[in-house]
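# Geometric and topological summary
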Amino acid sequence: MKYAFPPSNVASVAVLGSDVHFPVHRIYCVGRNYAEHAREMGIEPEREAPFFFEKPADAVVPSGATIRYPLATENFHHEIELVVAIGRDGANVSREAALEHVYGYAVGIDLTRRDLQLAARSSGRPWDAGKAFDESAPISAIRRAGEVGHPSKGSIWLKVNGETRQSAELEQLIWPVPDIIVHLSKLFALKSGDLIYTGTPAGVGPLVRGDRVDGAVSGVGEISLQIAV
Ligand code: MN
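Residues numbered from 1 in each chain as written. Predicted model: local features only at pLDDT ≥ 70, side-chain atom pairs only at ≥ 80, totals over all residues. Heavy atoms only, no water.

## Details of the overall build of the chain
Selection criterion: Helix and strand definitions here come from DSSP, where helices need a minimum of 4 consecutive H or I residues and strands a minimum of 2 consecutive E residues; each element is numbered from the N-terminal end. Based on C-alpha atoms, the radius of gyration is set beside the globule rule, defined as 2.2 Å times the residue count to the power 0.38. Three exposure classes are used, based on accessible area relative to the maximum for each residue type with a 1.4 Å probe and protein chains only: buried under 20%, partly exposed in between, and exposed over 50%. The Shrake-Rupley method, run with a 1.4 Å probe, gives the accessible areas here. Residue values count only the displayed protein chains as cover. Charge counting follows a simple rule: Lys and Arg are positive, Asp and Glu are negative, and His as well as the terminal groups are ignored. Lys charges are placed at NZ, Arg charges at CZ, Asp charges at CG and Glu charges at CD.
Helix and strand content of the chain: five helices and 18 strands. For a compact globule of 229 residues, the expected C-alpha radius of gyration is about 17 Å, and the chain comes in at 17 Å, within 12% of that figure. Overall size of the chain, expressed as C-alpha extent along the three principal axes, is 45 × 40 × 35 Å. Burial analysis of the chain (229 residues in total) assigns 49% to the buried set. For the chain, the accessible surface area stands at approximately 10,900 Å², while carbon and sulfur atoms represent 50% of it. Put simply, the chain has 23 plus and 28 minus side-chain charges, and the middle of one group is 3 Å from the middle of the other.

If you want it as C-alpha coordinates, here you go:
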(Lines give C-alpha, C1' and ligand atoms only; values in the text may rest on other atoms or scores of the structure.)
Protein backbone atom coordinates (compact mmCIF):
# COMPACT_ATOMS: atom_id res chain seq x y z
CA MET A 1 0.00 0.00 0.00
CA LYS A 2 1.25 3.42 -0.93
CA TYR A 3 -0.19 6.49 0.75
CA ALA A 4 -0.47 9.88 -0.89
CA PHE A 5 1.44 11.31 2.09
CA PRO A 6 2.68 9.90 5.39
CA PRO A 7 -0.30 8.86 7.57
CA SER A 8 -0.76 10.48 10.98
CA ASN A 9 0.87 8.78 13.94
CA VAL A 10 -1.25 6.38 16.02
CA ALA A 11 -2.52 8.26 19.08
CA SER A 12 -1.48 6.46 22.26
CA VAL A 13 -1.45 6.59 26.05
CA ALA A 14 1.35 5.48 28.39
CA VAL A 15 0.79 2.39 30.56
CA LEU A 16 2.08 2.60 34.14
CA GLY A 17 4.89 0.23 35.00
CA SER A 18 5.37 -0.81 31.39
CA ASP A 19 7.16 0.34 28.25
CA VAL A 20 4.16 -0.47 26.03
CA HIS A 21 1.74 2.22 24.97
CA PHE A 22 -2.02 1.80 24.64
CA PRO A 23 -2.98 2.56 21.00
CA VAL A 24 -6.15 4.64 20.93
CA HIS A 25 -8.89 3.48 18.56
CA ARG A 26 -11.85 5.69 19.52
CA ILE A 27 -12.82 7.96 22.39
CA TYR A 28 -16.37 7.65 23.72
CA CYS A 29 -17.77 9.91 26.45
CA VAL A 30 -20.83 9.51 28.66
CA GLY A 31 -23.05 12.56 29.17
CA ARG A 32 -24.65 13.53 32.51
CA ASN A 33 -23.57 10.57 34.60
CA TYR A 34 -23.60 12.37 37.98
CA ALA A 35 -26.94 13.80 39.15
CA GLU A 36 -25.52 17.04 40.61
CA HIS A 37 -23.69 17.79 37.37
CA ALA A 38 -26.86 17.20 35.32
CA ARG A 39 -28.62 19.70 37.59
CA GLU A 40 -25.88 22.33 37.25
CA MET A 41 -26.32 21.97 33.47
CA GLY A 42 -30.05 22.70 33.90
CA ILE A 43 -31.25 19.12 33.37
CA GLU A 44 -33.16 17.12 35.99
CA PRO A 45 -31.46 13.70 35.97
CA GLU A 46 -33.54 10.62 35.24
CA ARG A 47 -32.36 7.08 35.05
CA GLU A 48 -32.90 6.87 31.33
CA ALA A 49 -30.37 4.95 29.24
CA PRO A 50 -26.99 6.69 29.18
CA PHE A 51 -26.09 8.71 26.10
CA PHE A 52 -22.73 9.02 24.40
CA PHE A 53 -20.70 11.37 22.25
CA GLU A 54 -17.24 10.97 20.74
CA LYS A 55 -13.95 12.76 20.46
CA PRO A 56 -11.28 12.03 17.82
CA ALA A 57 -8.55 9.61 18.94
CA ASP A 58 -5.87 12.23 18.37
CA ALA A 59 -7.46 14.55 20.95
CA VAL A 60 -5.51 12.72 23.69
CA VAL A 61 -2.90 14.77 25.55
CA PRO A 62 -0.57 13.26 28.18
CA SER A 63 -0.58 14.42 31.79
CA GLY A 64 1.96 17.15 32.40
CA ALA A 65 1.41 18.80 29.02
CA THR A 66 0.93 22.47 28.33
CA ILE A 67 -1.96 23.06 25.95
CA ARG A 68 -3.02 26.16 24.08
CA TYR A 69 -6.27 27.88 24.96
CA PRO A 70 -8.53 26.45 22.22
CA LEU A 71 -9.86 28.24 19.18
CA ALA A 72 -13.30 29.76 18.94
CA THR A 73 -14.37 29.79 22.61
CA GLU A 74 -14.76 32.24 25.45
CA ASN A 75 -16.01 29.64 27.94
CA PHE A 76 -13.52 26.76 28.13
CA HIS A 77 -14.45 24.22 30.86
CA HIS A 78 -12.79 21.39 32.79
CA GLU A 79 -14.57 18.07 33.48
CA ILE A 80 -12.61 15.53 35.55
CA GLU A 81 -13.55 11.93 34.71
CA LEU A 82 -12.66 8.30 35.35
CA VAL A 83 -11.58 6.77 32.03
CA VAL A 84 -12.02 3.10 31.09
CA ALA A 85 -9.51 1.61 28.62
CA ILE A 86 -10.95 -1.27 26.59
CA GLY A 87 -8.71 -4.27 25.89
CA ARG A 88 -11.07 -6.78 24.28
CA ASP A 89 -13.40 -6.48 21.27
CA GLY A 90 -17.13 -7.11 21.62
CA ALA A 91 -20.67 -6.05 20.76
CA ASN A 92 -23.79 -6.61 22.88
CA VAL A 93 -21.61 -7.39 25.88
CA SER A 94 -23.46 -8.90 28.87
CA ARG A 95 -23.24 -7.28 32.29
CA GLU A 96 -21.55 -10.41 33.68
CA ALA A 97 -18.81 -10.26 31.04
CA ALA A 98 -18.47 -6.47 30.92
CA LEU A 99 -15.41 -6.09 33.14
CA GLU A 100 -13.53 -8.74 31.15
CA HIS A 101 -13.33 -6.14 28.37
CA VAL A 102 -11.46 -3.66 30.54
CA TYR A 103 -7.71 -3.27 30.02
CA GLY A 104 -7.30 -0.64 32.70
CA TYR A 105 -8.26 2.77 34.05
CA ALA A 106 -6.97 6.31 33.82
CA VAL A 107 -7.85 9.84 34.90
CA GLY A 108 -9.05 12.13 32.13
CA ILE A 109 -10.32 15.65 31.61
CA ASP A 110 -13.17 16.09 29.12
CA LEU A 111 -12.27 19.61 28.03
CA THR A 112 -15.31 21.43 26.72
CA ARG A 113 -16.01 24.60 24.78
CA ARG A 114 -19.14 25.19 26.86
CA ASP A 115 -20.40 28.14 24.84
CA LEU A 116 -20.34 26.06 21.64
CA GLN A 117 -21.83 23.00 23.36
CA LEU A 118 -24.74 24.97 24.83
CA ALA A 119 -25.40 26.73 21.52
CA ALA A 120 -25.54 23.31 19.82
CA ARG A 121 -27.75 21.89 22.55
CA SER A 122 -30.29 24.73 22.35
CA SER A 123 -30.50 24.51 18.56
CA GLY A 124 -30.67 20.70 18.49
CA ARG A 125 -27.34 20.41 16.63
CA PRO A 126 -24.48 17.92 17.23
CA TRP A 127 -22.05 18.58 20.09
CA ASP A 128 -18.87 18.08 18.08
CA ALA A 129 -17.73 21.70 18.05
CA GLY A 130 -18.19 21.86 21.83
CA LYS A 131 -16.53 18.56 22.65
CA ALA A 132 -14.44 17.05 19.84
CA PHE A 133 -11.74 19.68 19.28
CA ASP A 134 -7.94 19.46 19.28
CA GLU A 135 -6.29 18.60 22.62
CA SER A 136 -9.69 18.11 24.26
CA ALA A 137 -8.90 14.75 25.93
CA PRO A 138 -6.03 15.01 28.44
CA ILE A 139 -5.41 11.63 30.09
CA SER A 140 -3.06 10.17 32.70
CA ALA A 141 -1.09 6.98 32.18
CA ILE A 142 -3.30 3.87 32.25
CA ARG A 143 -3.18 1.50 35.23
CA ARG A 144 -3.89 -2.05 34.22
CA ALA A 145 -6.94 -3.70 35.78
CA GLY A 146 -4.76 -6.59 36.92
CA GLU A 147 -3.02 -4.10 39.18
CA VAL A 148 -5.71 -1.65 40.24
CA GLY A 149 -8.81 -3.88 40.10
CA HIS A 150 -12.08 -2.26 39.02
CA PRO A 151 -12.55 0.92 41.07
CA SER A 152 -16.18 1.60 42.00
CA LYS A 153 -15.49 3.69 45.12
CA GLY A 154 -13.09 6.47 45.97
CA SER A 155 -12.76 10.18 45.48
CA ILE A 156 -12.57 12.06 42.21
CA TRP A 157 -11.45 15.69 42.32
CA LEU A 158 -10.02 18.58 40.34
CA LYS A 159 -8.26 21.75 41.43
CA VAL A 160 -7.49 24.89 39.47
CA ASN A 161 -4.46 26.84 40.73
CA GLY A 162 -4.67 24.84 43.98
CA GLU A 163 -8.36 25.59 44.60
CA THR A 164 -10.82 22.68 44.65
CA ARG A 165 -13.46 22.98 41.92
CA GLN A 166 -14.77 19.41 41.65
CA SER A 167 -14.91 16.82 44.44
CA ALA A 168 -17.12 13.74 44.49
CA GLU A 169 -17.19 9.98 44.92
CA LEU A 170 -17.19 7.35 42.17
CA GLU A 171 -20.15 5.74 43.93
CA GLN A 172 -22.23 8.71 42.72
CA LEU A 173 -21.97 7.56 39.10
CA ILE A 174 -25.54 7.07 37.85
CA TRP A 175 -24.29 4.37 35.48
CA PRO A 176 -21.27 2.45 36.81
CA VAL A 177 -18.63 1.02 34.47
CA PRO A 178 -20.24 -2.39 33.73
CA ASP A 179 -23.53 -0.71 32.76
CA ILE A 180 -21.72 1.80 30.56
CA ILE A 181 -20.03 -1.08 28.69
CA VAL A 182 -23.36 -2.89 28.28
CA HIS A 183 -25.13 0.17 26.85
CA LEU A 184 -22.25 1.43 24.70
CA SER A 185 -21.66 -2.02 23.17
CA LYS A 186 -25.30 -2.15 22.03
CA LEU A 187 -24.63 0.90 19.87
CA PHE A 188 -21.04 0.35 18.73
CA ALA A 189 -18.85 -2.74 18.51
CA LEU A 190 -16.18 -2.08 21.12
CA LYS A 191 -12.60 -2.54 20.00
CA SER A 192 -9.35 -2.89 21.87
CA GLY A 193 -7.97 0.61 22.11
CA ASP A 194 -11.27 2.34 22.83
CA LEU A 195 -11.35 4.82 25.71
CA ILE A 196 -14.54 5.67 27.59
CA TYR A 197 -14.73 8.92 29.57
CA THR A 198 -17.39 8.05 32.15
CA GLY A 199 -18.83 11.49 32.96
CA THR A 200 -18.02 14.33 35.32
CA PRO A 201 -19.31 15.31 38.77
CA ALA A 202 -20.60 18.78 39.66
CA GLY A 203 -18.34 21.82 39.83
CA VAL A 204 -17.40 22.28 36.19
CA GLY A 205 -16.17 25.75 35.39
CA PRO A 206 -14.01 27.93 33.21
CA LEU A 207 -10.28 27.74 32.59
CA VAL A 208 -8.26 30.76 31.47
CA ARG A 209 -4.79 31.26 30.03
CA GLY A 210 -2.07 30.49 32.57
CA ASP A 211 -4.21 28.17 34.71
CA ARG A 212 -2.69 25.11 36.34
CA VAL A 213 -5.04 22.10 36.60
CA ASP A 214 -4.56 19.09 38.90
CA GLY A 215 -6.91 16.18 39.33
CA ALA A 216 -7.08 12.62 40.57
CA VAL A 217 -9.17 9.52 41.03
CA SER A 218 -8.11 7.71 44.18
CA GLY A 219 -6.44 4.40 43.43
CA VAL A 220 -6.26 5.17 39.71
CA GLY A 221 -3.91 8.08 39.29
CA GLU A 222 -3.35 11.78 38.96
CA ILE A 223 -3.34 14.25 36.11
CA SER A 224 -1.93 17.73 35.68
CA LEU A 225 -2.27 20.23 32.90
CA GLN A 226 -1.07 23.72 32.17
CA ILE A 227 -3.00 26.17 29.99
CA ALA A 228 -0.51 28.26 28.04
CA VAL A 229 -0.35 32.00 28.75
MN1 MN B 1 -17.86 14.96 30.28
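## Focus: the layout of surface pockets
What counts is decided by this rule: Note on definitions: the grid is 1 Å and covers protein atoms alone; a cavity is a set of points where a 1.4 Å probe fits but cannot get out; a pocket is an open set with protein on both sides within 12 Å along at least five of seven lines; lining residues have an atom within 4 Å of a point. Grid points are joined across faces, edges and corners, and a volume is the space filled by probe spheres set on the points. Three classes are used: nonpolar for Ala, Val, Leu, Ile, Met, Phe, Trp, Tyr, Cys and Pro, charged for Asp, Glu, Lys and Arg, and polar for all others, with Gly counted as polar.
The computed volume of the largest pocket comes to approximately 200 Å³. Lining the largest pocket are R68, Y69, P70, L71, R113, F133, D134 and E135. In terms of residue class, the lining of the largest pocket is built from four nonpolar, no polar and four charged. What the second largest pocket holds in volume is close to 160 Å³. Around the second largest pocket, the lining comprises 14 residues; the ones closest to its centre are R32, P45, E46, E48 and F51.

## A closer look at the pattern of salt bridges
Any two side chains of opposite charge can pair, given that their charged atoms come close. As a reminder, the rule being used: Take a side-chain nitrogen of Lys or Arg and a carboxyl oxygen of Asp or Glu: if they are within 4 Å of each other, that pair is a salt bridge.
Across all of its chains, the model carries 11 salt bridges by this definition. Linking E36 and R39 is a salt bridge whose minimum nitrogen-to-oxygen distance equals 2.6 Å. Highlighted residues: E36 and R39, both in helix 1 (residues 35-40), separated by three residues, approximately one helical turn. Classification of E36 as partly exposed rests on a relative accessible area of 48%.

## Description of the environment of G221
Filter applied, for reference: Throughout, a residue-residue contact means that at least one pair of heavy atoms, one from each residue, lies within 4.5 Å.
The residue G221 is located in strand 18 (residues 221-227) in this model. Those residues in contact with G221 that lie beyond four places of it in its chain are V107, G215 and A216.

## Focus on the sheet that holds strand 7 (residues 76-78)
Spelled out, the test is: The pairing criterion for strands is at least two bridges between them, as found by DSSP.
An order of 10-7-16 is seen for the three strands of this open sheet, with the pairing classed as antiparallel. Single-partner strands in this sheet number two, and they are strand 10 (112-113) and strand 16 (205-207). One ladder, built from two bridges, connects strand 7 with strand 10; its direction is antiparallel. Bridging across to strand 10, F76 finds its partner in R113.

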